[in-house]
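Residues per chain, in single letters:
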Amino acid sequence: MSEVRNVIIIGSGPAGYTAGLYTARALLEPLMFAGYMSGGQLMLTSDVENFPGYPEGIAGPEMMMQLREQAERFGLTVQDKNVERVDLSSRPYKVYVEGEEFLTDSIIVSTGAESIWLDAEGEAEQKGRGISTCATCDGAFFRDEEVIVIGGGDSAMEEATFLTRFAKKVTLIHRRDVFKASKVMYERAANHDKIEIKTFRSVKKWLSNDAGLTGAVLVDPRDGSEEEIACTGAFIAIGHKPITSFLEEQVEVDEHGYIIHKEHTMTSVPGVFAAGDVVDTRYKQAITAAGMGCQAAIDVERWLEDQHS
Ligand code: NDP
């Protein structure tokens, strides 16, 4: 029988690492399963300019390395493995990782969110052959080429601006003329001489040949009129969905799949807590995720104390 841990943290973005730091400093000897690609979405981000304490900004991956190092210094154990499933039917809870079973009194879920794809006609065939959801990962493949970015939020602005480093031209396609993006990020993109913004356009269909993507058919949602745009690269930046499939519906979620907090950061299952983008339908910032990771760690500490008193 394996030992019963105080707390297992699943997921390793700013929420997870902050929870790791706090639970480690509370001497709970936390174990984190960071996933095969540890660090979460910030590993795919270029510069983070809005996390307090970095006046010059910091690269997303570097910030994640620093958060990890800081938590490990106080005793967080990290394994870069994916959790396959959990069994929350009785305590101690069971966490299954690569065929191994781990027992724990409490869990913090901080698995974050993943990109949503458009699922337009022809998309499945072109994923990784011109269509991507990550400019930081794939942007350099499109040096001196024409690319498009789809979306009207901060992600789309960030992707479009980043892509100007490589591409000859970036066209930002948005389905309406109101932008969710913050003013500063919108204006940085809108004022860039390599970026053209086309509003009232949606992608109906992707066009390709044997070499890969060649363009897209765009449709105007107001009157259904269509036009073609040529591009060899396309970056979809239309938001994210929470990563919860490994929970197999044992924890209550809302209609979009986000975990629901029942009491402070505790979920519908006593002793199972959640923090960061896997819960957050509103703020979705690194700083708010980190703050919630701290809250979850403090909630775990108090809850464990109550169980043992
Ligand atoms: P958002 O939800 O903010 O924006 C998604 C955009 O995609 C919207 O403009 C939306 O259009 C559009 N969209 C959604 N579905 C479709 C679809 N099927 N077809 C066409 N367009 C679609 O998501 P983001 O990922 O941009 O941002 C998420 C959060 O992360 C935000 O809080 C943002 O501030 C934050 N963020 C911060 C960054 C930073 O500060 N450096 C960088 C990136 C993200 P519509 O407006 O019509 O709904």
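Here, every reference points to the structure presented above.
Residues numbered from 1 in each chain as written. Predicted model: local features only at pLDDT ≥ 70, side-chain atom pairs only at ≥ 80, totals over all residues. Heavy atoms only, no water.

Some points on the site of the ligand
- Taken together, 20 residues are adjacent to the ligand, and Asn50, Asp154, Ser155, Arg175 and Arg176 come closest.
- Within the backbone of Gly153, one N or O atom sits 3.5 Å away from an oxygen atom of the ligand.
- Between the ligand and Asp154, the relevant distance is 2.6 Å, taken from an oxygen atom to a side-chain nitrogen or oxygen of the residue.
- Taking 910 Å² as the accessible area of the ligand by itself, protein coverage stands at 78%.
- For the shell around the ligand, the leading source of residues is helix α5 (residues 154–163), giving three residues. (Near = heavy atom within 4 Å. Polar contact = N/O pair within 3.5 Å; in protein donor to acceptor, adjacent residues only side chain to side chain. Areas by Shrake-Rupley, 256 points an atom, 1.4 Å probe, with all protein chains shown as cover. Helix = DSSP H or I, 4+ residues; strand = E, 2+ residues; numbered from the N terminus.)

Some points on the pattern of salt bridges
- Applying the stated criterion across every chain, the model contains 10 salt bridges.
- A salt bridge links Lys198 to Glu227; the shortest N-O distance between them is 3.6 Å. Here Lys198 is found in strand β13 (residues 195–198), whereas its partner Glu227 is found in strand β16 (residues 226–230), with 29 residues between them in sequence.
- A relative accessible area of 17% means that Lys198 is categorised as buried. (Salt bridge = Lys/Arg side-chain N within 4 Å of Asp/Glu carboxyl O. Buried < 20%, exposed > 50% of the residue type's maximum accessible area, 1.4 Å probe, protein only.)

Some thoughts on the sheet that holds β13
- Pairing is parallel across the open sheet formed by five strands, whose spatial order is β10-β17-β11-β12-β13. Among the strands making up the open sheet, the edge pair consists of β10 (131–132) and β13.
- Most of the contacts of α5 go to strand β11 (residues 146–150), to which it runs at about 170°, and overall it touches β11, β12 (169–173), β13 and β17 (233–236). (Pairing = 2+ DSSP bridges. Contact = heavy atoms within 4.5 Å. Axes fitted to C-alpha atoms, helices over the stretch in contact; angles between N-to-C directions.)

Considering the state of the cysteines
- Applying the stated criterion to the full structure yields one disulfide.
- Covalently, Cys134 is tied to Cys137 through a disulfide, its sulfur atoms 2.0 Å apart. Handedness here is read from the sign of the S-S torsion; for Cys134 and Cys137, about 80°, the answer is right-handed.
- With relative accessibility at 37%, the residue Cys137 sits in the partly exposed group.
- For Cys231, which is in no disulfide, the shortest distance to another cysteine sulfur is to Cys134 and amounts to 17 Å.
- We classify Cys231 as buried; its relative accessible area is 2%. (Disulfide = S-S within 2.5 Å.)

Quick notes on the nonpolar core
- Judged by nonpolar contacts, the single largest core of 54 residues is most densely connected at Val95 and Val109.
- Elements that contribute at least two residues to this core include exactly β1 (4–10), α1 (14–25), β2 (31–33), α2 (60–73), β7 (93–97), β8 (100–109), β19 (272–274) and α7 (286–308).
- In terms of residues, this core owes the most to one element, α7, which gives nine residues.
- In contact with Val95, not counting residues within four places along its chain, are Ile8, Phe33, Val83, Arg85, Val86, Glu100, Glu101, Phe102, Thr104 and Ile107.
- If you look at the next biggest cluster of nonpolar residues, it comprises 20 residues, including Val149, Ala156, Ala160 and Phe162. (Core = buried A, V, L, I, M, F, W, Y, C linked by side-chain atoms within 4.5 Å.)

Considerations on the sheet that holds strand β14 (residues 202–209)
- The sheet built from three strands is open, its strands ordered β14-β15-β16 with antiparallel pairing. At either margin of the open sheet sits one strand with a lone partner, and together these are β14 and β16. Direction aside, the axes of adjacent strands within the sheet are offset by 25° on average.
- Examined bridge by bridge, strand β15 (residues 212–219) and β16 share five bridges and lie antiparallel to one another. Its bridge partner being in β16, Leu218 is matched across the sheet by Glu227.

Regarding the environment of Met63
- Residue position: Met63 is located in helix α2.
- Between the C-alpha atoms of Met63 and Met185, which are 122 residues apart in sequence, the distance is 21 Å.
- When near neighbours in sequence (up to four residues on either side) are disregarded, Met63 contacts Leu42, Val48, Phe51, Tyr54, Ile58 and Ala286.

Topic: α5
- Counted residue by residue, α5 has seven buried out of 10 residues, so it is predominantly covered.
- Restricting attention to buried positions, one finds in α5 the residues Ala156, Met157, Glu159, Ala160, Thr161, Phe162 and Leu163.
- Contacts from the buried residues of α5 go to α4 (135–138), β11, β12, α6 (183–190), β13 and β17.

What to know about the packing of α5 against α6
- Direction vectors running N to C along α5 and α6 enclose 35°, while the axes themselves pass 9 Å from each other. The hand of the α5/α6 crossing is left-handed. Seen from α5, the contacting residues are Asp154, Met157, Glu158 and Thr161; seen from α6, they are Met185, Tyr186, Arg188 and Ala189.
- By residue class, the composition of the contact of α5 with α6 is four nonpolar, one polar and three charged. (Left-handed = near helix turned anticlockwise from the far one by under 90°. Nonpolar A, V, L, I, M, F, W, Y, C, P; charged D, E, K, R; others polar.)

Comments concerning a positive patch on the surface
- A surface patch of like charges, here positive, comprises Arg175, Arg176, Lys180 and Lys284.
- Note on placement: Arg176 falls in the loop between β12 and α6.
- The exposure class of Arg176 is partly exposed, given its relative accessible area of 36%. (Patch = residues over 30% accessible without salt bridge, like charges linked within 9 Å, V, L, I, M, F, W, Y side chains within 5 Å. Lys, Arg positive; Asp, Glu negative; His and termini not counted. Charge placed at Lys NZ, Arg CZ, Asp CG, Glu CD.)

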